[in-house]
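Examining the three-dimensional arrangement
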Amino acid sequence: MSPVPAAVATAFRFFRASVIGVAPLGPSLVRVTFGGPELAEVASGGLDQSVSLFLPHPGQSEPVVPVEAGHDWWRAWRALPEAERAVMRTYTLRAQRVRPDGTTEVDVDFALHGAGGSGGAGPAARWAAGAVPGDRALLYGPAVADNRAVKFRPPHGTDLVVVWADETALPAAGAILESLPSGMRGVAWLEVRHEDDRQPLATHAEVTWLVTGRGAPSGPAAIRAAEFPAARAPYVWIAGEAGTVKELRRHLVGERGLDRRAVTFTGYWRRGMSEDRMRAEGAGAE
Ligand SMILES: Cc1cc2nc3c(=O)[nH]c(=O)nc-3n(C[C@H](O)[C@H](O)[C@H](O)COP(=O)(O)OP(=O)(O)OC[C@H]3O[C@@H](n4cnc5c(N)ncnc54)[C@H](O)[C@@H]3O)c2cc1C
């Protein structure tokens, strides 16, 4: 496993954070709000800005990450026993705010994927399901707003934005749709399990919620059947389960003939595979 390249290491750094609020967003999602003096220096690029979250194992009071190793932290972290080193998972910064008292807070929305219920959930979902104010985490995030963890980059001249996301990519899709300028058309298919997972979004884009628990078609079926608004230069952003993302991309580029450079696609998780294994096997859909 290679160490973090120097360019990445300067654009990103560690920020200490602790939980200051937890709010359910529906049966499948929980919003965890983090605070802490270091968060004022997070330079979020907004949109689908992702970060690495380091979380403690049950019984640990804080995540174990050898930050003192500087740019070599990755190698030092990997060298620790798995049961000791912090759990590392990728999440989206849904929002960053300055509070009236001048302190900064950030929201991260966690899909629970069965934590506390049907089983199968991983350590990050379990951590989020049990999070309470005071819990500590470490965020490896952007020190500069123009950073490569922001993937939503419509080419100049784009006149239509098309979005598909499942519940893990809903935080990113929500931020993207809310940022669309008034002159930019947008259509989105957002896939959630329960009706109550739908969220109000402050966007003029045309949003179709696919509530799969109520028998709605999955993303690929819905998008295959859809007619896109006429556009000279459409741009597509799709993220969610890696197999579904691949299938959608194949449809959009292969069958609809969209320019592959105008399709940004990211596998956010893979069915039956933890993020550690995905990373080790390079099994994302990107
Ligand atoms: C750029 C990026 C941004 C992301 N942003 C977010 C975000 O804002 N919010 C968010 O919730 N997730 C987000 N994810 C996805 C998240 O990183 C994964 O879902 C991650 O696997 C969760 O870690 P875990 O420890 O809970 O499960 P893991 O230990 O990684 O996996 C355990 C098991 O759970 C399964 N699993 C993982 N996710 C799901 C799911 N959604 N539904 C059903 N089963 C699942 C896996 O297939 C595996 O079998 C993002 C991923 C990327 C790459």
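Shown above is the structure to which this text applies.
Here goes a summary of the coordinates provided. Small disclaimer: the values here were computed from a predicted structure and weren't measured. (Residues numbered from 1 in each chain as written. Predicted model: local features only at pLDDT ≥ 70, side-chain atom pairs only at ≥ 80, totals over all residues. Heavy atoms only, no water.)

Description of the pattern of salt bridges
This is how the line gets drawn: Only one rule defines a salt bridge in this text: a Lys or Arg side-chain nitrogen within 4 Å of an Asp or Glu carboxyl oxygen. Working definition: helices are DSSP H or I runs of at least four residues, strands are E runs of at least two. Numbering for both runs from the N terminus. Accessible area is worked out with a 1.4 Å probe on protein chains only. A residue is then buried under 20% of its type maximum, exposed over 50%, and partly exposed in between.
Counted by the stated rule, this structure contains 22 salt bridges. Asp-72 is the partner of Arg-75 in a salt bridge, and the nearest nitrogen-oxygen pair spans 3.0 Å. The salt bridge involving Glu-167 is made with Arg-193; its shortest N-O contact spans 2.9 Å. Residue Glu-167 is found in the loop between strand 8 (160–165) and helix 4 (170–179), and its partner Arg-193 is found in the loop between strand 9 (185–192) and strand 10 (206–211); the two are separated by 26 residues along the sequence. Residue Glu-167 is classed as buried on the basis of its relative accessible area of 6%. A network of salt bridges, in which partner residues are shared, links Arg-97, Arg-99, Asp-101, Glu-105 and Asp-107.

Some points on the site of the ligand
Note the following rule: Consider each residue's heavy atoms; a residue with any of them within 4 Å of a molecule or strand counts as near. We call two N or O atoms a polar contact when they sit within 3.5 Å, provided that within protein one can donate a hydrogen and the other can accept it, with sequence-adjacent residues counted only if both atoms are side-chain atoms. Reported accessibility uses the Shrake-Rupley method at a 1.4 Å probe radius. Residues are deemed covered only where the shown protein chains occlude them. All the domain ranges listed were derived from an automatic or database domain assignment.
Near the ligand you find 26 residues, and of these Thr-90, Asp-109, Ala-111, Arg-270 and Glu-275 are the closest. Between the ligand and the protein, one listed contact pairs an oxygen atom with a backbone N or O atom of Pro-123 at 3.2 Å. The separation between an oxygen atom of the ligand and a polar main-chain atom of Arg-270 is 2.6 Å. Contact with the protein chains removes 89% of the 930 Å² of surface that the ligand exposes when unbound. Examining the composition of the shell around the ligand, we find that four residues originate from one element, strand 4 (residues 87–92), more than from any other. Looking at the shell around the ligand, you find at least three residues from each of domain 1 (6–142) and domain 2 (160–281).

Topic: the sheet that holds strand 8
Definition in use: When DSSP finds two or more bridges between two strands, those strands count as paired. To obtain an axis, a line is fitted to C-alpha atoms, over the contacting stretch when the element is a helix, and the angle between two such axes runs from 0 to 180 degrees between their N-to-C directions.
Pairing is parallel across the open sheet formed by five strands, whose spatial order is 10-9-8-11-12. Whereas interior strands pair on both sides, the edge strands pair on one side only; in this sheet they are strand 10 and strand 12 (263–269). Pairs of neighbouring strands in the sheet enclose a mean axial angle of 10 degrees, with direction left out of account. Across six bridges, strand 8 lies against strand 9 in parallel orientation. From the neighbouring strand, Val-162 faces strand 9, where its bridge partner is Val-187.

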